[in-house]
Amino acid sequence: QVQLVESGGGLVQAGGSLRLSCAASRSIFSINVMGWYRQATGKQRELVATITRFDITNYVDSVKGRFTISRDNAKKTVYLQMNSLKPEDTAVYYCNAEIRLEYEFQYRDYWGQGTQVTVSS
């Protein structure tokens with residue numbers, strides 16, 4: 001099994017920045033799409049940003065121009081740089097990755113445990 005280990009959440013004032021990281025816990029064959037999702041209290045989980053293995057990125061409109069997703073394939077890690085944070089960005093952030101293990105022939109979806117981001121006004 002693979003675990004996605006997240007770090008970097010916390011409490012920040014509006015206008016501040018945070019950088020989230022998410023790394024796969026063991027050796028793997030390949031990672032396809034990686035992404036970040038978030039879930040605010042009382043709301044459904046929503047897509048924040050994704051990045052393909054060819055570095056093609058996609059963002060939800062509400063974070064465009066403020067958040068940047070990137071990845072380091074050698075480190076099996078995906079990052080989310082969050083700038084100009086707003087109170088409405090407050091949520092639990094989850095990373096997601098489509099991973100193929102050495103002994104498998106298909107990609108499977110894996111999720112991180114979630115990290116809390118709180119933006120105070």
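Looking at this structure, I do not really get the state of the cysteines. What am I missing?
Disulfides are covalent bonds that link the sulfur atoms of two cysteine residues. Under the definition given, this model contains one disulfide. The disulfide bridge from Cys22 ends at Cys95, spanning 2.0 Å between sulfur atoms. Between Cys22 and Cys95 the sulfur-sulfur dihedral comes to about 40°; the bridge is accordingly right-handed. Here the residue Cys22 occupies a position in strand E3 (residues 18–24), and Cys95 occupies one in strand E9 (residues 91–100), the gap between them amounting to 73 residues. Of the two residues, Cys22 and Cys95, neither departs from the other in class, the shared state being buried.

Would you mind going over the environment of Thr52 with me for this structure?
Tracing the backbone shows Thr52 in the loop between strand E5 (46–51) and strand E6 (57–59). For the pair Thr52 and Ala14, spaced 38 residues apart in the sequence, the C-alpha separation amounts to 30 Å. When residues no more than four places from it in sequence are discounted, the contact partners of Thr52 are Asn32, Val33 and Arg71.

So what exactly am I meant to see when it comes to the layout of surface pockets here?
Using a probe with the size of a water molecule, rolled over the atoms, empty space left in the structure can be pinpointed. What the largest pocket holds in volume is close to 150 Å³. In this structure, the largest pocket is lined by Arg38, Gln39, Ala40, Lys43, Gln44, Glu46, Pro87, Glu88, Thr90 and Ala91. Across the lining of the largest pocket, the residue classes break down as three nonpolar, three polar and four charged.

How do you make sense of unusual backbone geometry when you look at a structure like this?
The phi angle of most residues is negative, glycine excepted, and most peptide bonds adopt the trans form. With a phi angle near 65°, Asp55 is a residue other than glycine that sits in the positive phi range. Relative to the helices and strands, Asp55 resides in the loop between E5 and E6. One non-glycine residue with positive phi stands out, namely Lys76, at about 55°.

How should I be thinking about the sheet that holds E3 in this particular structure?
Two pairing modes exist for strands in a sheet, parallel and antiparallel, and in both the strands are linked by backbone hydrogen bonds. The strand order E1-E3-E8-E7 describes an open sheet built from four strands, whose pairing is antiparallel. Only two strands of the sheet have a single neighbouring strand rather than two, namely strand E1 (4–7) and strand E7 (67–72). Going across the sheet, the axis of each strand differs from the next one's by a mean of 15°, ignoring polarity. As defined by bridge partners, E7 adjoins strand E8 (residues 77–82) across six bridges and the pair is classed as antiparallel. Along E8, the bridge assignment pairs Asp72 with Thr77.

What counts and what doesn't
Residues numbered from 1 in each chain as written. Predicted model: local features only at pLDDT ≥ 70, side-chain atom pairs only at ≥ 80, totals over all residues. Heavy atoms only, no water. Disulfide = S-S within 2.5 Å. Helix = DSSP H or I, 4+ residues; strand = E, 2+ residues; numbered from the N terminus. Buried < 20%, exposed > 50% of the residue type's maximum accessible area, 1.4 Å probe, protein only. Contact = heavy atoms within 4.5 Å. 1 Å grid on protein atoms, 1.4 Å probe; cavity = no way out; pocket = protein on both sides within 12 Å on 5 of 7 lines; lining within 4 Å. Points joined across faces, edges and corners; volume = space filled by probe spheres on them. Nonpolar A, V, L, I, M, F, W, Y, C, P; charged D, E, K, R; others polar. Pairing = 2+ DSSP bridges. Axes fitted to C-alpha atoms, helices over the stretch in contact; angles between N-to-C directions.

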